[in-house]
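Report on the structure
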Amino acid sequence: MNYDAVNNELLQFIDRSPVDFYAVANMKEMLLEAGYTQLFEGNAWTLEEKGRYFVTRNDSAIIAFQIPKKDFTGFQMMASHSDSPLFKIKTNAEITIDKQYVKLNVEKYGGMLCAPWLDRPLSVAGRVLVETENGVATKLINIDRDLLIIPNLAIHMNREVNDGYKFNAQVDMLPLFCEAGEEKNQFLKLIAQEAGCKESEILDTDLFLYNRMKGTTLGLNKEFIACGRLDDLQCAFASLKGFLAAEPKNSVAVHIVYDNEEVGSGTKQGAASTFLKDVLHRINSAMGRSEEDYLRALASSFLVSADNAHAVHPNHPEKADPTNRPYMNKGIVIKYSANQKYTTDAVSGAIFRQICKKAEAPYQTFTNRSDMLGGSTLGNISQAQVALNTVDIGLPQLAMHSPYETAGAKDTAALIEAARVLFSSSVEGVGDGNYTLKF
Ligand code: ZN
């Protein structure tokens with residue numbers, strides 16, 4: 001396996017995806033290049049057998065699918081998310097200090113580690129809504145240069161900082177933008193320039209800070225990768241690569257990337273929304289199938305909820321469960337939680353293990369320590385709209401929710417291969433709890 005090629009492509013993909021909108025734009029580009037047809041939710045859909053399509057919602061979530069035949073068995077799906085914790089730039093962003101500096105007013109999006117955002121070059125990416133002759137239009141912008149910094153307070157003014165510090169997002173996390181001058185609204189001017197419009201044409205914005213540090217490989221034998229947004233673009237990328245390489249035979253292959261997982265998934269483009277249900281229904285009816293056919297298909301379907309997992313930390317091995325200890329480069333992590341924060345149960349765990357075996361993809365297991373609360377993800381949230389056998393998995397990583405995370409150099413390839421097998425296979429229900437797997 002050529003891990004270098006996979007990692008180079010992954011790191012480039014992430015570098016070009018500073019925020020959710022760009023992650024989706026880049027996936028869209030890959031799908032168009034592979035010959036997929038873009039659909040719009042507002043148009044009528046005419047779908048064909050052997051057709052390959054994709055649709056976006058809010059420019060920040062995407063569902064791509066391949067229909068091998070009209071009388072398909074079910075849906076073989078993998079879902080990940082496009083967003084990562086970062087700082088959103090507020091409306092009326094400029095704050096002037098002592099008539100000397102201009103800093104930007106920002107707020108938290110999601111639960112990030114604050115400290116690593118300090119003392120490093122940052123820039124701005126997101127979308128600008130501009131006025132057109134008869135409506136509004138979206139423009140994506142990524143200011144591709146070092147632009148801002150959130151400076152630490154010197155240790156002389158904060159002597160106890162190394163004993164633990166509580167970051168106040170309104171005080172500590174505002175980035176320095178420029179020197180104050182005669183001209184006001186410099187930030188808006190810059191945004192207008194980047195968007196190629198007049199300031200007066202800007203109606204609204206969704207703009208975010210991102211870390212400028214590029215992804216890299218490291219370790220004695222380059223066995224690790226480090227990059228921003230590995231959670232969850234590593235899974236989103238692996239899902240798409242596996243999807244593009246798949247050859248579905250009996251079931252519809254569905255690549256799903258939701259947005260807003262980091263803030264609870266409760267948006268129109270999040271896992272709690274009807275996005276997936278709407279798309280599956282439209283596929284079903286476009287093939288001339290009934291509602292009962294849809295429900296029967298769901299009983300013979302499988303969803304992999306793919307969101308990164310915590311590897312055992314070299315400096316804190318005690319934080320991991322005593323017997324379920326995932327390590328970087330040891331394969332895909334199957335996540336368990338008795339309270340079903342993760343959807344994996346014996347049935348979905350067993351089916352996924354069979355898929356990994358077929359793919360010759362190594363896998364390992366994760367549970368939280370019994371005295372620790374873990375995070376949550378999108379698998380159990382999407383069940384409320386589309387209920388089916390679902391497994392929660394991820395790739396092992398360190399420093400989750402830092403703007404620069406670390407993962408294994410070999411694991412992405414394992415997930416690509418497992419995804420390819422998943423998307424090419426079908427899971428036929430033969431009574432509750434019994435399934436025939438066709439590869
Ligand atoms: Zn995640």
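Everything that follows concerns the structure shown earlier in this document.
Residues numbered from 1 in each chain as written. Predicted model: local features only at pLDDT ≥ 70, side-chain atom pairs only at ≥ 80, totals over all residues. Heavy atoms only, no water.

A closer look at the side chain of Gln 66
Filter applied, for reference: Working definition: helices are DSSP H or I runs of at least four residues, strands are E runs of at least two. Numbering for both runs from the N terminus. Here the term buried applies to any residue with accessible area under 20% of the maximum for its type, exposed to any over 50%, and partly exposed to those in between, with areas from a 1.4 Å probe on protein chains only. We define a polar contact as two N or O atoms separated by no more than 3.5 Å, with the added condition that, inside protein, one atom must be a possible hydrogen donor and the other a possible acceptor, whereas residues neighbouring each other in sequence contribute only through side-chain atom pairs. Residue contacts are counted whenever heavy atoms from the two residues lie within 4.5 Å of one another.
Here Gln 66 shows up in strand S3 (residues 61-66). Given the relative accessible area of 8%, Gln 66 is considered buried. Side chain to side chain, Gln 66 and Tyr 36 meet in a polar contact 3.1 Å long. Once residues lying within four places of it in the same chain are set aside, the contact partners of Gln 66 are Tyr 36, Gly 51, Arg 52, Phe 243, Ala 246, Pro 248, Ser 251, Val 252 and Ala 253.

Let's talk about the coordination of the zinc ion
A four-donor tetrahedral metal ideally has 109.5 degree angles, and a six-donor octahedral metal ideally has angles of 90 or 180 degrees. The condition that has to hold: Sites may look incomplete because water is not among the atoms; the donors themselves are N, O and S atoms within 2.8 Å of the metal, or within 3.2 Å for Na, K and Ca. Donor angles set the geometry label: tetrahedral for four donors if every angle is between 85 and 135 degrees, square planar for four and octahedral for six if opposite donors exceed 155 degrees and the others are between 65 and 115, irregular for anything else.
Those donors, His 81 (NE2), Asp 231 (OD), Asp 307 (OD) and Asp 307 (OD), are the protein atoms that reach the zinc ion, and they lie 2.0 to 2.7 Å from it. Each of the four donor atoms bound to the zinc ion contributes to angles spanning 52 to 146 degrees, and the resulting shape is irregular. We note that the donor set of the zinc ion lies within a single chain, spaced as H-x149-D-x75-D. Taken together, the positions of Asp 231 in helix H4 (residues 230-245) and Asp 307 in the loop between strand S14 (302-306) and strand S15 (309-310) put the pair 76 residues apart, joining distant regions of the chain. The exposure classification of Asp 231 matches that of Asp 307, with both residues buried.

Considering the sheet that holds strand S2 (residues 52-57)
Backbone hydrogen bonds hold the strands of a sheet together, and the pairing may be parallel or antiparallel. Counted only if it meets this: Pairing between strands requires that DSSP locate at least two bridges from one strand to the other. Every axis corresponds to a line fitted to the C-alpha atoms, with the helix fit spanning only the stretch in contact, and the corresponding angles, defined between N-to-C directions, vary from 0 to 180 degrees.
Sheet architecture is open: nine strands sit in the order S1-S2-S3-S13-S4-S14-S18-S16-S17, paired in mixed fashion. Every other strand in the sheet has two partners, leaving strand S1 (37-39) and strand S17 (363-366) as the edge strands with one partner each. The sheet shows a mean angle of 25 degrees between the axes of neighbouring strands, direction not considered. With seven bridges connecting them, strand S4 (residues 75-81) and strand S13 (residues 252-258) associate as parallel partners. Bridge assignment links Ser 80 to a residue of S13, and that residue is Val 257. Against the sheet, helix H5 (residues 275-286) engages S2, S3, S4 and S13, with an angle of about 25 degrees to S3.

Comments concerning the sheet that holds strand S12 (residues 224-227)
Taken together, the five strands give an open sheet; going across it, the order is S11-S12-S20-S19-S15, and neighbouring strands pair in mixed fashion. On the outer flanks of this sheet lie strand S11 (216-218) and S15, each paired with one strand and no other. Lying on the sheet, helix H1 (residues 3-15) is in contact with S11 and S12; it crosses S12 at an angle near 10 degrees.

Overview of H4
For clarity, the threshold we go by: One less than the residue count of a helix, multiplied by 1.5 Å, gives the span that helix is expected to have.
End to end, H4 covers 22 Å across 16 residues, agreeing with the expected 22 Å (1.5 Å per residue, within 8%). Of all the 16 residues making up H4, 13 are buried; the element is thus mostly covered by neighbouring parts of the structure.

Notes on the layout of surface pockets
Formally: Here a cavity means grid points, on a 1 Å grid over the protein atoms only, where a 1.4 Å probe fits yet cannot get out; a pocket means an open set of points with protein on both sides within 12 Å along at least five of seven lines; lining residues are those with an atom within 4 Å of a point. Grid points are joined across faces, edges and corners, and a volume is the space filled by probe spheres set on the points. All amino acids are sorted into three groups, where Ala, Val, Leu, Ile, Met, Phe, Trp, Tyr, Cys and Pro are nonpolar, Asp, Glu, Lys and Arg are charged, and the leftover types, Gly among them, are polar.
By volume, the largest pocket is sized at about 780 Å³. Lining the largest pocket are 37 residues, and of these His 310, Phe 366, Asn 368, Met 372 and Met 400 sit closest to its centre. At the level of secondary structure, the elements contributing two or more residues to the lining of the largest pocket comprise S15 and strand S19 (396-398). Among the residues forming the lining of the largest pocket, the class breakdown is 13 nonpolar, 16 polar and eight charged.

Concerning the packing of helix H7 (residues 346-359) against helix H9 (residues 411-424)
The following threshold applies: Here is the rule for angles: anything less than 35 degrees is roughly parallel, anything more than 145 is roughly antiparallel, 65 through 115 is roughly perpendicular, and the remaining ranges are oblique. Two helices cross in a left-handed way if the nearer one is turned anticlockwise from the farther one by less than a right angle. They cross in a right-handed way if the turn is clockwise.
Their axes nearest at 9 Å, the elements H7 and H9 cross at an angle of 110 degrees. Here H9 runs roughly perpendicular to H7, going by the angle between their axes. Note that H7 runs across H9; the crossing there is right-handed. Across the interface between the two elements, Ile 355, Lys 358 and Ala 359 from H7 touch Glu 417, Ala 418, Val 421 and Leu 422 from H9. Of the residues assigned to the contact of H7 with H9, the class counts are five nonpolar, no polar and two charged.

Brief notes about the pairing of S12
Direction of pairing for S11 relative to S12: antiparallel, over a ladder of three bridges. Within S12, the position partnered with Leu 218 by the bridge is Phe 224. Hairpin geometry of S11 and S12 is characterised by an intervening segment of five residues between the two adjacent antiparallel strands and by a positive phi of about 100 degrees at Gly 219.

A closer look at the pattern of salt bridges
Filter applied, for reference: Each salt bridge in this description consists of a side-chain nitrogen of Lys or Arg and a carboxyl oxygen of Asp or Glu lying within 4 Å of one another.
What the rule picks out here adds up to twelve salt bridges. A salt bridge links Arg 127 to Asp 206, with the nearest nitrogen and oxygen atoms 2.8 Å apart. Residue Arg 127 is located in strand S7 (residues 122-132), and its partner Asp 206 is located in strand S10 (residues 202-211); the two are separated by 79 residues in the primary sequence. Residue Arg 127 is classed as buried on the basis of its relative accessible area of 14%. One salt-bridge network, held together by shared partners, links Glu 41, Arg 57 and Asp 278.

A closer look at the nonpolar core
Note the threshold: As used in this record, nonpolar core signifies buried Ala, Val, Leu, Ile, Met, Phe, Trp, Tyr and Cys residues forming a set joined through side-chain atoms within 4.5 Å.
Ranked by size, the top nonpolar core spans 53 residues in total, and within it Phe 302, Ile 332, Phe 352 and Ile 393 carry the most contacts. With 39 residues, the next largest nonpolar core counts Trp 117, Ala 125, Ile 143 and Leu 174 among its residues.

Comments concerning a nonpolar patch on the surface
As a reminder of what qualifies: For patch detection, residues must exceed 30% relative accessible area and be free of salt bridges, and they are connected within 9 Å for like charges or within 5 Å for nonpolar side chains (Val, Leu, Ile, Met, Phe, Trp, Tyr). Values of accessible area rely on a 1.4 Å probe in the Shrake-Rupley scheme; residue burial ignores everything except the protein chains shown.
Residues Tyr 101, Ile 149 and Leu 176 make up a contiguous nonpolar surface patch of about 260 Å² in total accessible area. In this fold, Tyr 101 is placed in strand S6 (residues 101-109).

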